[in-house]
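Residue strings, one per chain:
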Amino acid sequence: MTDLSERDQMAYIAARAADARVNIDLETEGMTLNLGPQHPATHGTLRIVAKLDGEQIISAEPIPGYMHRGYEKLTEVRTYPQITALVNRIDWLGSFANEVPFILAAEKLMDVEAPPRAQHIRTILFELARIANISLFLGDFGLQLGALTMGFYAFRDREHVLNQIESATGGRFHPNFDRIGGLKDDLPKGWIADTKRAMVKLRDLCDETQTLMVGNEIFQARTRGIGVIPADVALSYGLSGANLRGSGVDWDLRRDACPPGLVYDKADWKVWTHPDGDCFARTWVRLQETREATLIVDQLLDSIPAGPVMAKVPRIIKVPAGEAYVETENPLGAMGYYVVSKGDLVPFRVKIRTPSFNNISIVPWVAKGVYVPDLVAILGSLYFILGDIDR
Amino acid sequence: MSSADTTVEPDAVEAAEVPVVDERREALLASLVEALGDAVVGSHIRPLDDLWVRVDREAWPTAAATLKDMGFTFFDYLSAIDWLPSPYGRDMDAQEDLVVSGAEPKVPGPVEQGYAGGDTRFQVIGRLYSIPDALGVHLKTDLPDDDLRVGSWTPHFRGANWHERECFEMFGVEFTGHPNLVKLYLPADFQGHPLRKDFPLLSRRVRPWPGIVDVEPMPGRDDNEEGDGE
Amino acid sequence: MGLVESGRMPKSVSKLLNLSRKYSIWAYQWGLACCAIEMGAAFASPRYDVMRLGVIPFPATPRQADLVVIAGTVTDKLAPAVLRLYEQMPDPKYVISMGSCANCGGPYWDSYSVTKGVDQIIPVDVYVPGCPPRPEALLEGIVLLQERIANEDMSARWKGDPIVVG
C-alpha cells in the first residue's frame, strides 16, 4: 500500500504525463505560415514565409521577386527619354520622384543645368509626389491595423494632390514630365493658387491623422515598442528615409547632400527625427514630414522665378561617356541611379538603388520573436512598395 | 562643378581654367592608400562629386572593413558591371533607328572599362557612405573571367546579404562566406544570368521595336502636339 | 437545374437572371502593381464609387467572387498563383484585365521575367487599356462587362459537367 506522499507523487506524475500528451497533440512548434504573395497586409506581392512557435515568429523570410520586371536589363535597350517613362513605375505612388535622380545623373554627365524655373517646379513636383505617396501610407497603415476610416480619408484627400499633378503634367501618376535639361512643359494658368488650396486640405488631413490615428491609444498600444531598430543596425542594413530618422539618425539628403538641380535651400524647413526606433516613431516621422512637405511647397510656390523651362539640348540625346551616381531623398528613402554611359543613345548600364530593397532586408532580423499581428505592424511601418523592392 | 547657366551643346566644352581640387576626397584617398597599401590599384575623383577606388580582389572585404572603421557605416549598394559590349547591338534594328544613327556596325567594340580602370570583363562595384562627413566612396574590383568569386561583405555590412544574392543570380558572381547564396528574384528553374550582356531579350530578337520613332517636339517650338509621349 | 442543362431556358427567365447577375457582381481585386492603386481609387474612394454599379468589391475569398480584376504586371513567378486563383473561382466567372501590363505585357514587353499578358494563362472577358487606366476607364470596363452578361445565353455558358455527389 503506498503512503500519501507517494500517492500524491503518482498523481502528480500522471497529471504531468497527461499534460505532456496534450502538448504533443497540439504541436505548437514548427508551423510554417505563408503570408502572400497576395495578402491584404502586404503592399503588393511580397511573400513572407514565417516559421512559428505558437503565435511567435521564430524566423521570417521575405521572398521578393513576384514583381521583378527586369528594369536594369530593360534600360540597356532604351533611350534616355524612354527610360524616363519606364522608371516612373518603380515607386508607383510617388512617380515623379523616380525620374528625378535619373535625369539629374544624365544631366551631370552631359554637363547641362536646367534653368532656375525648371529646378523650382521640379522640386515642387517632387514634394507633391512625396505628399501623394505618404498620405496613402498613412491611410493604408491604419487599414492594416484595423482602422478602416483612415483609408477612405487618405484616398479622398490624395485626390487633391493628384488633381494638381494631373493638371500640370497630364497624368494622375506616372507623369513622365521630367526631361534632360528641364521639364516638358510650363505650368498651366491658376495652378499656383489651386495648389495652395490643395496644400491647405492636405494639412487638414495631417491634423486629422494626428488626432484620429496617431493619437489613438489602440494605435499606440500596437506600435509603441514594437519592431525597435537601433541606429547602428539600421545603418549596417542600409535603411534610409523615415526608417532611419525614426531611429534617431539625423540625415536627410535634401539638406545634407542636395544634388544640383533641386532647390531645397530656397525654403526654410526642418528635418524631423524620433529617438525611439519603433513602429510609432517611423509613422510619426512620416506624418511630420508630410506636413513639412506642404510647407515647403507653399514657400516654393511663392518664389518661382520666371524664365524658360528647358535648357538648349539637342533633339536626339547622346550622353557623353562617363559614370555618375545621384541619390535623392525619395518618399520611401534614398533612391539612387548609377548611370554608366559610353557616349551612345542608350546607357551602358544603369544600377538602380532602391530604398525598399534595403528596408525589407531587415525583416528577418527584426521579426525574430514578435507575434504575427506585430509583424503586420512592422511591415506597415517599414513601408515598402513592391515595385521598389523588385524593380 | 557647376556649369553656371551655360546653354551650349552637351559635348563638354571645358570651361575650367583653374583645376578644381577636392581636398576632402584627396585626403580620403590618401588615407585609404595608406591603410590598404598595394591593394589600391586605381582611382578616380570627379571634383566635388564622387570618388572611385579600385582594389585588388583579395582585399575586397578588407577594404570594406577599413572604410567602416573610418566612419563609412552606411551601406548603399553592391552590384556588378559587365563591360562586354552587347553582341546584339542596341537591339534596335528598325529602319527608323538606322536613319538617325547611320548604319551602325554590328561588330561590337572592345571591352573597355570605365572610371578607375580595370582589366577584366566583370567588375563588382559597391558604395559606402559616411553620414557625418556626407561623403561617399565607390569601390570596384576586377574579377577574372574564369573565376568569378570574391569575398562577401556580409560580416561587415548586413545589408550586403540581399545585394550579393541578386548579384549572384544576375551575373553569376559567387561571394565566398555568404550565409545563404541562393536566387532572390527569379523562379528556381530560371536558367542563365540575365544581366550579362550575352543574355538576349528574346522578345526583341523576335520583333525589333522601332526605338526612335517616338521623338516628341521640343516644348514651345512646335505648335501642333504630335508624337506620342511614351 | 434541368432547364439550363438541356438548353430549354425561357428567354424571359434568362433575361431576369442575367439582370440580377449583372447588378450583383462580387469583384475580387487581384491588385498587383500601379493599376492596383487606380483600382483602389475606383473601388474605395467616394469619387469614383463603384458600388453604384452594383459591384461589391469585398469578397473574402476567391471562392465567393464572380469577377476578378487583374490589375498590374503578371510575372512568370506569379503566374501559377494567378491560375490557381482563377481555378478557385466558381462558375460563372469573369475576368477583367486592367492596364497594359495585364493586357499584353505593356511597357515590359521585352522583359525576361514578365508574362506578356494575363490572357496567356486565363481567359479574359474585357480588356481595359491604359497605363494606368483612369478609374473611369475601369468603370467603363465594368459597364461593358455588365452589358455582356445581360446578353448572355446561360445554357451556352454552362459547361455541362454533371455535379457528382458521393
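Predicted model only: the values in this text are computed from it and were never measured.

Student: Would you explain the interface of chain A and chain C in this entry?
Tutor: For interface size, the figure often reported is the accessible area lost on association. Between chain A and chain C, the contact holds 32 residues from the first and 32 residues from the second. Note on chain A versus chain C: buried area summed over both sides is about 2700 Å², and carbon and sulfur give 61% of it. Area buried by chain A at its contact with chain C is led by Gln-38, Arg-69 and Phe-155 of chain A, which between them contribute 22% of it. Linking chain A with chain C are 4 salt bridges, by the criterion used here. Our count for the chain A to chain C interface comes out at 15 residue pairs in polar contact (both at pLDDT 80 or more).

Student: Honestly, the interface of chain A and chain B in this entry has me stumped. Any pointers?
Tutor: The interface is formed by 67 residues belonging to chain A together with 70 residues belonging to chain B. Summed over both partners, the interface of chain A with chain B buries about 5800 Å², with 56% contributed by carbon and sulfur atoms. Our count for the contact surface shared by chain A and chain B stands at 8 salt bridges. Between chain A and chain B we count 21 residue pairs in polar contact (both at pLDDT 80 or more) in total. With 5 residues, the single largest contributor to the side of chain A that touches chain B is strand β6 (residues 322-330) of chain A. Classifying every residue of the side of chain A that touches chain B gives 34 nonpolar, 11 polar and 22 charged.

Student: Help me understand empty space enclosed by the protein, please; the structure alone is not making it clear to me.
Tutor: Rolled over the atoms, a probe with the dimensions of a water molecule shows which regions are left empty. Counting across every chain of the model gives 5 cavities of 30 Å³ or more. As a volume, the second largest cavity reaches approximately 80 Å³. Lining the second largest cavity are 15 residues, and of these Arg-89 of chain A together with Cys-34, Cys-35, Cys-101 and Cys-131 of chain C sit closest to its centre. Looking at the lining of the second largest cavity, the elements that each hand over two or more residues are α3 (34-44) and α5 (99-104) of chain C.

Student: Just to check I follow, could you spell out the pairing of strand β3 (residues 94-98) of chain C for this structure?
Tutor: Taken residue by residue, a regular strand's side chains alternate between the two faces of the sheet. Residues and elements named next belong to chain C. In terms of burial, β3 is a largely internal element, 5 of the 5 residues being buried. In β3, alternate side chains face the same way, and those of Tyr-94, Ile-96 and Met-98 on one face and Val-95 and Ser-97 on the other are all buried. The pairing of strand β2 (residues 67-71) with β3 spans 5 bridges and is parallel. Bridging across to β3, Val-69 finds its partner in Ile-96. For the handedness criterion, the β-α-β arrangement of β2, helix α4 (residues 79-88) and β3 is classed as right-handed. Handedness of the crossover joining β3 and strand β4 (residues 126-128) through α5 is recorded here as right-handed.

Student: Even after reading the chapter, I still don't get the nonpolar core, so can you show me in this structure?
Tutor: Among soluble globular proteins, nonpolar side chains are generally buried collectively. The biggest cluster of nonpolar side chains holds 199 residues, and the ones touching the most others in it are Leu-139 and Trp-153 of chain B together with Ile-70 of chain C. With 14 residues, the single largest contributor to this core is helix α5 (residues 116-144) of chain A. Apart from the residues within four sequence positions on either side, Trp-153 of chain B is in contact with Trp-60, Pro-61, Ala-64, Phe-75, Leu-78, Gly-126, Leu-128, Leu-139, Ala-160 and Glu-164 of chain B. Within the second largest apolar cluster, 23 residues are counted, among which are Met-39, Val-55, Ala-71 and Leu-138 of chain C.

Student: Would you mind showing me how to read the confidence of the model for chain C here?
Tutor: All names here are of chain C. For chain C, the average pLDDT comes to 84, and 92% of its residues sit at 70 or higher. The least confident element of chain C, judged by mean pLDDT, is helix α1 (residues 2-6) at 69; the most confident is β4 at 93. Confidence metrics for the complex model read pTM 0.85 and ipTM 0.85.

Student: In this structure, what is going on with the pairing of strand β3 (residues 56-63) of chain A? I would like to understand it.
Tutor: Residues and elements named next belong to chain A. Relative to β3, strand β2 (residues 47-53) is paired through 7 bridges, and the arrangement is antiparallel. Pairing of Arg-47 across the sheet is with Ile-63, part of β3. Here β2 folds back onto β3 in antiparallel fashion, the turn holding 2 residues, of which Gly-54 has a positive phi close to 70°.

Student: Sorry if this is basic, but what is going on with a nonpolar patch on the surface here?
Tutor: On the surface, Leu-143, Leu-148 and Phe-152 of chain A cluster together into a nonpolar patch covering about 280 Å² of accessible area. Tracing the sequence through the fold places Leu-148 of chain A in helix α6 (residues 148-169).

Student: Could you clarify how one ought to interpret the side chain of Lys-77 of chain C in this entry?
Tutor: On the secondary structure map, Lys-77 of chain C appears in the loop between β2 and α4. Buried within the structure, Lys-77 of chain C lacks any salt-bridge partner; its nearest side chain of opposite charge belongs to Glu-169 of chain B, at an N-O separation of 7.2 Å. Excluding anything up to four places from it in sequence, Lys-77 of chain C contacts Ile-63, Pro-64, Gly-65 and Tyr-66 of chain A together with Leu-184, Tyr-185, Leu-186 and Pro-187 of chain B.

Student: Looking at this structure, how should I read helix α2 (residues 60-69) of chain B?
Tutor: An α-helix turns once per 3.6 residues; consequently, residues spaced three or four apart project the same way. Residues and elements named next belong to chain B. Along α2, the positions that sit buried rather than exposed are Trp-60, Ala-63, Ala-64, Thr-66 and Leu-67. Burial along α2 is one-sided: seen end-on, the buried residues are contained in an arc of 165°. Where α2 is buried, its residues meet α1 (23-36), β2 (50-55), β3 (74-82), β4 (122-130), β5 (135-143) and β6 (149-151). Just past α2, the residue Gly-71 takes up positive phi, approximately 110°.

Student: Which parts of the structure should I look at to understand the sheet that holds strand β1 (residues 27-31) of chain C?
Tutor: Where strands meet in a sheet, backbone hydrogen bonds hold them as pairs that are either parallel or antiparallel. Residue and element names in this part refer to chain C. Across the sheet, 4 strands lie side by side as β1-β2-β3-β4; this open sheet has parallel pairing. Edge positions in the open sheet fall to β1 and β4, since each of these has one partner strand only. Taking each pair of neighbouring strands and ignoring which way they run, the sheet shows an average axis angle of 20°. Across 5 bridges, β1 lies against β2 in parallel orientation. Among the inter-strand pairings, Trp-30 is bridged to a residue of β2, identified as Ile-70. Against the sheet, α4 touches β1, β2 and β3, its axis set at about 175° to β1.

Student: Please clarify how the pattern of salt bridges should be interpreted in this entry.
Tutor: When the charged atoms of two side chains with opposite charge come close together, those side chains can pair. Inspection of the entire model under this criterion finds 45 salt bridges over all chains. Linking Arg-156 of chain A and Asp-157 of chain A is a salt bridge whose minimum nitrogen-to-oxygen distance equals 3.3 Å. Judged by relative accessible area, Arg-156 of chain A falls into the partly exposed class, the value being 36%. A residue is classified by how much of its surface remains accessible, and Asp-157 of chain A, at 5% relative accessible area, is buried. Here Arg-134 of chain C and Glu-136 of chain C are joined by a salt bridge, their closest N and O atoms 2.9 Å apart.

Student: Would you mind going over helix α12 (residues 279-302) of chain A with me for this structure?
Tutor: For α12 of chain A, spanning 24 residues, the distance from its first C-alpha to its last is 36 Å, which sits close to the expected 34 Å at 1.5 Å a residue. α12 of chain A sits mainly inside the fold: 21 of its 24 residues count as buried.

Student: What am I meant to see in the packing of α5 of chain A against α6 of chain A here?
Tutor: The geometry of a pair of packed helices is captured by two quantities: the angle between their axes and the separation between those axes. Residue and element names in this part refer to chain A. Interaxial distance between α5 and α6 falls to 7 Å at its minimum, and their mutual angle equals 165°. Here α6 runs roughly antiparallel to α5, going by the angle between their axes. Considering only the axes of α5 and α6, their crossing is left-handed. Packed against α5, whose contacting residues are Leu-125, Leu-128, Ile-131, Ala-132, Ser-135, Leu-136, Leu-138, Gly-139 and Leu-143, the element α6 presents Leu-148, Met-150, Gly-151, Ala-154, Phe-155, Arg-158, Val-161, Ile-165 and Thr-169 at the interface. Partitioning the contact of α5 with α6 into residue classes produces 13 nonpolar, 4 polar and 1 charged.

Student: When you look at unusual backbone geometry in this model, what are you seeing that I'm missing?
Tutor: Working note: non-glycine residues mostly have negative phi, and peptide bonds are mostly trans. In the segment running from Asp-91 of chain C into Pro-92 of chain C, the intervening peptide bond is cis, with an omega of -15°. Relative to the elements of secondary structure, Pro-92 of chain C occurs in the loop between α4 and β3. Look at the link from Cys-131 of chain C to Pro-132 of chain C: it is a cis peptide, with omega at -10°. In this fold, Pro-132 of chain C is placed in the loop between β4 and α6 (135-150). Residue Asp-111 of chain A is not a glycine yet carries a positive backbone phi of 60°. Note on placement: Asp-111 of chain A falls in the loop between α4 (96-110) and α5. Of note, the phi angle at His-174 of chain A is positive, near 55°, even though the residue is not glycine. Among the secondary structure elements, His-174 of chain A is positioned in the loop between α6 and β4 (178-179).

Calculation rules
Residues numbered from 1 in each chain as written. Chains lettered and ligands numbered in written order. Predicted model: local features only at pLDDT ≥ 70, side-chain atom pairs only at ≥ 80, totals over all residues. Heavy atoms only, no water. Contact = heavy atoms within 4.5 Å. Buried area = accessible area lost by both parts, 1.4 Å probe. Salt bridge = Lys/Arg side-chain N within 4 Å of Asp/Glu carboxyl O. Polar contact = N/O pair within 3.5 Å; in protein donor to acceptor, adjacent residues only side chain to side chain. Helix = DSSP H or I, 4+ residues; strand = E, 2+ residues; numbered from the N terminus. Nonpolar A, V, L, I, M, F, W, Y, C, P; charged D, E, K, R; others polar. 1 Å grid on protein atoms, 1.4 Å probe; cavity = no way out; pocket = protein on both sides within 12 Å on 5 of 7 lines; lining within 4 Å. Points joined across faces, edges and corners; volume = space filled by probe spheres on them. Buried < 20%, exposed > 50% of the residue type's maximum accessible area, 1.4 Å probe, protein only. Pairing = 2+ DSSP bridges. Right-handed = clockwise from strand over helix to strand, strands pointing away. Core = buried A, V, L, I, M, F, W, Y, C linked by side-chain atoms within 4.5 Å. pLDDT = per-residue confidence, 0-100. Patch = residues over 30% accessible without salt bridge, like charges linked within 9 Å, V, L, I, M, F, W, Y side chains within 5 Å. Areas by Shrake-Rupley, 256 points an atom, 1.4 Å probe, with all protein chains shown as cover. Lys, Arg positive; Asp, Glu negative; His and termini not counted. Arc of directions from axis to C-beta. Axes fitted to C-alpha atoms, helices over the stretch in contact; angles between N-to-C directions. Expected span 1.5 Å × (residues − 1). Parallel < 35°, antiparallel > 145°, perpendicular 65-115°, else oblique. Left-handed = near helix turned anticlockwise from the far one by under 90°.

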